[in-house]
Amino acid sequence: MNAPDPLASPDRARHDGAEFAGRVALVTGAAQGIGAAIARLLAARGARVALLDRQAEAVAATAAGLDATGLHAAAPDATPSRHLALGADLRDRAAVEQAVETAEARLGPLDIVINAAGVLHLARAIDIDDDAWESSLDINAGGLMRLCRAVAPRLAARRRGAIVAVGSNAAGVPRAQMAAYGASKAAASQYLRCLGLELAPLGVRCNLVSPGSTDTAMQRQLWTHPGARDAILGGDAASFRLGIPLGRIAEPEDIAEVACFLASDRARHITLHDLRADGGATLDA
């Protein structure tokens, strides 16, 4: 007899408000921006969420806000301890492993892991200093590796789960003054794809969502003059940059929707995939 189809079961046929009911998720970079938007969306759709960020006070405030805004109401098993803030630095292997241990002890076995932590150092390729280069690689690529090293064996042992990384379209398309960022995101992308290949036979999916320009604190580092936002939309021939065909800067919630789709059962046959969410800015290059 064939196994039941999870997409056909009552639990998986529910509306979005309960899509992740009974699931436990860990989101990094969750104090602000895309990471916070992902955490909010997961919570709104019923997940118990562990929010990890090196900004301990900020991530605690974000976690508290999940319950304060009533987002837990979609799930019948909501409790005051439904969500958990974890202050940890992805550069610290021991801290990452302890955070994962704490998340599972407090909320239950992880089903979903989404890495949205990252840094951006702007400099011409010939001017990058060692600290900026090493920081980019250590956080954007090394942080993902340390997180996956802590969570992947747990998911593999249970033969289920989804890992999603927030990448960047800069991983595949050259950008002026973004050599360190682009290189680190390219390294992270290839790491996750290799990991996904190894985990696929064990029932664990690994995917990326690669945003373009998104209205976050990181993006606003690039808006150094009054016309910067319009230049992003229209393109800049001097820097060999195309515009955005859809004519809008993404909101963090746009990227959160894609990340949550890739983490959901709706994407159950998708792995090793890099889904660009950049409004057409790279012409799917």
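Above this note sits the structure.
Residues numbered from 1 in each chain as written. Predicted model: local features only at pLDDT ≥ 70, side-chain atom pairs only at ≥ 80, totals over all residues. Heavy atoms only, no water.

## Looking at the nonpolar core
As a rule of thumb, nonpolar side chains are buried together in soluble globular proteins. Counting 34 residues, the largest nonpolar core has Leu26, Ile163 and Leu192 as its most contacted members. Put simply, the parts of the chain that give this core at least two residues each are β1 (24-28), β2 (48-53), β3 (84-87), α3 (93-107), α4 (130-158), β5 (162-166), α5 (179-199) and β6 (205-211). Here this core gets 9 residues from one element, more than from any other, and that element is α4. Once residues lying within four places of it in the same chain are set aside, the contact partners of Ile163 are Val113, Cys148, Val151, Leu155, Leu192, Leu195, Leu199, Val204, Arg205, Cys206 and Asn207. Grouped together as the second largest cluster of nonpolar side chains are 33 residues, Ala31, Ile114, Leu262 and Ala277 included. (Core = buried A, V, L, I, M, F, W, Y, C linked by side-chain atoms within 4.5 Å. Buried < 20%, exposed > 50% of the residue type's maximum accessible area, 1.4 Å probe, protein only. Helix = DSSP H or I, 4+ residues; strand = E, 2+ residues; numbered from the N terminus. Contact = heavy atoms within 4.5 Å.)

## What to know about the environment of Ala200
For Ala200, the position within the fold is in the loop between α5 and β6. Its relative accessible area of 36% is what places Ala200 among the partly exposed residues. Considering only alpha carbons, one finds Ala200 and Arg160, 40 residues apart in sequence, at a separation of 9.6 Å.

## A closer look at helix α1 (residues 33-44)
Across its 12 residues, α1 extends 17 Å between first and last C-alpha, which sits within 8% of the 16 Å expected from 1.5 Å per residue. Of all 12 residues in α1, 9 are buried, a share of seventy percent or more. Turning to α1, its buried residues number three or more, namely Ile34, Gly35, Ala36, Ala37, Ile38, Ala39, Leu41, Leu42 and Ala43. Just downstream of α1, Gly46 is the residue with a positive phi angle, here 105°. (Expected span 1.5 Å × (residues − 1).)

## Points about the packing of α1 against helix α8 (residues 252-263)
A pair of packed helices is captured by two measures, namely the crossing angle of their axes and the spacing between those axes. Axis separation between α1 and α8 bottoms out at 8 Å; the angle between their running directions is 55°. The pairing of α1 with α8 is recorded here as oblique in orientation. Crossing of α1 over α8 shows right-handed handedness. For the pair α1 and α8, contact is made by Gly33, Ile34, Ala37, Ile38, Arg40, Leu41 and Leu42 and by Pro252, Glu253, Ile255, Ala256, Glu257, Ala259 and Cys260, respectively. Among the residues forming the contact of α1 with α8, the class breakdown is 10 nonpolar, 1 polar and 3 charged. (Axes fitted to C-alpha atoms, helices over the stretch in contact; angles between N-to-C directions. Parallel < 35°, antiparallel > 145°, perpendicular 65-115°, else oblique. Left-handed = near helix turned anticlockwise from the far one by under 90°. Nonpolar A, V, L, I, M, F, W, Y, C, P; charged D, E, K, R; others polar.)

## Examining a negative patch on the surface
A cluster of acidic residues, Asp129, Asp130, Asp131 and Glu134, forms a negative patch at the surface. Considering the arrangement of structural elements, one finds Glu134 in helix α4. (Patch = residues over 30% accessible without salt bridge, like charges linked within 9 Å, V, L, I, M, F, W, Y side chains within 5 Å. Areas by Shrake-Rupley, 256 points an atom, 1.4 Å probe, with all protein chains shown as cover. Salt bridge = Lys/Arg side-chain N within 4 Å of Asp/Glu carboxyl O. Lys, Arg positive; Asp, Glu negative; His and termini not counted. Charge placed at Lys NZ, Arg CZ, Asp CG, Glu CD.)

## A closer look at empty space enclosed by the protein
One pass over the full model with this rule turns up 2 cavities of 30 Å³ or more. Taken as a whole, the largest cavity spans an internal volume of roughly 50 Å³. Taken together, the elements giving at least two residues each to the lining of the largest cavity come down to α4, β5 and α5. Ranked by the residues each element gives to the lining of the largest cavity, the list is headed by α5, at 3 residues. Tallied by class, the residues present in the lining of the largest cavity amount to 6 nonpolar, 4 polar and 1 charged. Approximately 40 Å³ is the volume found for the second largest cavity. (1 Å grid on protein atoms, 1.4 Å probe; cavity = no way out; pocket = protein on both sides within 12 Å on 5 of 7 lines; lining within 4 Å. Points joined across faces, edges and corners; volume = space filled by probe spheres on them.)

## Some remarks on α5
The terminal C-alpha atoms of α5, which comprises 21 residues, lie 30 Å apart, in line with the 30 Å expected from a rise of 1.5 Å per residue. The set of residues buried in α5 consists of Ala180, Tyr181, Gly182, Ser184, Lys185, Ala188, Ser189, Leu192, Leu195, Gly196 and Leu199.

## Here's the deal with the packing of α4 against α5
For the pair α4 and α5, the least separation of the axes is 8 Å and the interaxial angle reads 15°. When the axis of α4 is compared with that of α5, the two are roughly parallel. As α4 runs across α5, the sense of the crossing is right-handed. Two secondary-structure elements touch here, α4 through Trp133, Ser136, Leu137, Asn140, Ala141, Leu144, Met145, Cys148, Arg149, Ala152 and Ala156 and α5 through Ala179, Ala180, Tyr181, Ala183, Ser184, Lys185, Ala187, Ala188, Tyr191, Leu192, Leu195 and Leu199. When grouped by side-chain class, the residues that make up the contact of α4 with α5 number 18 nonpolar, 3 polar and 2 charged.

## With respect to the side chain of Glu19
Here Glu19 lies in the segment before β1. Glu19 sits in the buried class, given a relative accessible area of 13%.

Interpretation note: all reported values are geometric properties and have no functional meaning in isolation.
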